[in-house]
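Coordinate analysis (summary)
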Amino acid sequence: MPARQMTVCFSGYRPEKLPWGYDECDPRCAQLKQRLRRAVCAACDDGFRHFICGMANGCDLYFFDAARYLRLQHPEVTIEAAIPYSGQADRWRPELRERYAYDLRQCDYQTLVQEAYTPGCMMRRNRYMVDHAARLIAVFDGQDGGTRRTVEYALRSGLEVVYVDAE
């Protein structure tokens, strides 16, 4: 596994917390994806080569796409899927399950944090990512929830946090 000082992790909102929901054709979504690409490219310019993604719907998959795009120009870049539990996508809509399965096949590493779902498994996944990274990129505007708790944990852990505006 790549060294922590070369690793970036990510946290951000699910579609339910974004104004456009699941509509990735919304211009605001396209703008967010562009901002994430810039943050990922800046991380690469700063020497980071390993990107860990929690693989949730919404911002996680936008981040994954940005890292995958970066890897096209920089083949030394690696992507790790941090999977909170083995059935993460089981209840998603069919087209989202297909995207998830495709994206997992594109990862260089897959880390299953635990086998079965428990109420704390998402935060356990987030802590795994923070514990293995030196920088957190976060789509975060202060809303309460998992992203907030992840940002707070990252700050307590001494990670550099790069904020990306949701809108």
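Residues numbered from 1 in each chain as written. Predicted model: local features only at pLDDT ≥ 70, side-chain atom pairs only at ≥ 80, totals over all residues. Heavy atoms only, no water.

**Section: the packing of helix H2 (residues 59-73) against helix H3 (residues 94-106)**
Viewed as axis vectors pointing N to C, H2 and H3 meet at an angle of 40°, and their least axial separation amounts to 11 Å. In this structure, the crossing between H2 and H3 has a hand that is left-handed. For the pair H2 and H3, the contacting residues are Leu61, Tyr62, Phe64, Asp65, Arg68 and Arg71 in the first and Arg99, Tyr102, Asp103 and Gln106 in the second. Tallied by class, the residues present in the contact of H2 with H3 amount to 4 nonpolar, 1 polar and 5 charged. (Axes fitted to C-alpha atoms, helices over the stretch in contact; angles between N-to-C directions. Helix = DSSP H or I, 4+ residues; strand = E, 2+ residues; numbered from the N terminus. Left-handed = near helix turned anticlockwise from the far one by under 90°. Contact = heavy atoms within 4.5 Å. Nonpolar A, V, L, I, M, F, W, Y, C, P; charged D, E, K, R; others polar.)

**Quick look at the pairing of strand E2 (residues 50-53)**
Neither face of E2 is exposed, since His50 and Ile52 on one face and Phe51 and Cys53 on the opposite face are all buried. Bridge count between strand E1 (residues 7-11) and E2: 3 bridges; the pairing is parallel. What sits directly across from Thr7, in E2, is His50. Pairing of E2 with strand E3 (residues 78-83) involves 4 bridges; the strand directions are parallel. For Cys53, the partnering residue across the bridge sits in E3 and is Ala81. You can see the chain leave E2, run along H2 and come back into E3, and the turn it takes is right-handed. (Buried < 20%, exposed > 50% of the residue type's maximum accessible area, 1.4 Å probe, protein only. Pairing = 2+ DSSP bridges. Right-handed = clockwise from strand over helix to strand, strands pointing away.)

**Considering the nonpolar core**
Core analysis: the biggest nonpolar cluster contains 54 residues, and Phe51, Ile137 and Val139 have the highest contact counts within it. It is H2 that contributes the most residues to this core, 8 residues altogether. Beyond its immediate sequence surroundings of up to four residues, Ile137 is in contact with Val8, Cys9, Phe10, Ser11, Leu36, Ala39, Val40, Phe63, Val162 and Val164. (Core = buried A, V, L, I, M, F, W, Y, C linked by side-chain atoms within 4.5 Å.)

**A few points about the pattern of salt bridges**
Tallied over the entire structure, the rule returns 13 salt bridges. We note a salt bridge from Asp26 to Arg28, for which the minimum N-O separation is 2.9 Å. The partner of Arg49 in a salt bridge is Glu76, with the nearest N and O atoms 3.2 Å apart. Of this pair, Arg49 sits in the loop between helix H1 (27-45) and E2 while Glu76 sits in the loop between H2 and E3, and the two are 27 residues apart along the sequence. (Salt bridge = Lys/Arg side-chain N within 4 Å of Asp/Glu carboxyl O.)

**Observations regarding the packing of H1 against H2**
One way to put it is that H1 packs onto H2 with a least axis distance of 9 Å and a crossing angle of 50°. Relative to H2, H1 is oriented oblique. In this structure, the crossing between H1 and H2 has a hand that is right-handed. Facing H1, whose interface residues are Cys29, Leu32, Lys33, Leu36, Arg37, Val40, Cys41 and Cys44, H2 presents Cys59, Tyr62, Phe63, Ala66, Ala67, Tyr69 and Leu70. Taken together, the residues of the contact of H1 with H2 sort by class into 13 nonpolar, no polar and 2 charged. (Parallel < 35°, antiparallel > 145°, perpendicular 65-115°, else oblique.)

**A few points about the side chain of Arg125**
Take Arg125: it is sitting in helix H4 (residues 121-131). Buried and unpaired, Arg125 has Asp60 as its nearest opposite-charge partner, separated by 4.4 Å. For Arg125, the contacting residues outside a window of four places in its chain are Arg14, Gly54, Asp60, Ala82, Ile83, Pro84, Gln88 and Val113. (Lys, Arg positive; Asp, Glu negative; His and termini not counted.)

**Some details on H3**
Given a rise of 1.5 Å per residue, 13 residues ought to cover 18 Å, and the 19 Å separating the end C-alpha atoms of H3 matches this to within 8%. All of the buried residues along H3 are Leu96, Tyr100, Asp103 and Leu104. End-on view of H3: buried residues confined to an arc of 100°, all on one side of the axis. Summarising the geometry of H3, the exposed residues directed more than 90 degrees from the buried face are Glu98 and Arg105. The inward-facing, buried residues of H3 abut H2, E3 and strand E4 (109-112). (Expected span 1.5 Å × (residues − 1). Arc of directions from axis to C-beta.)

None of the figures reported here should be taken as evidence of function without further support.
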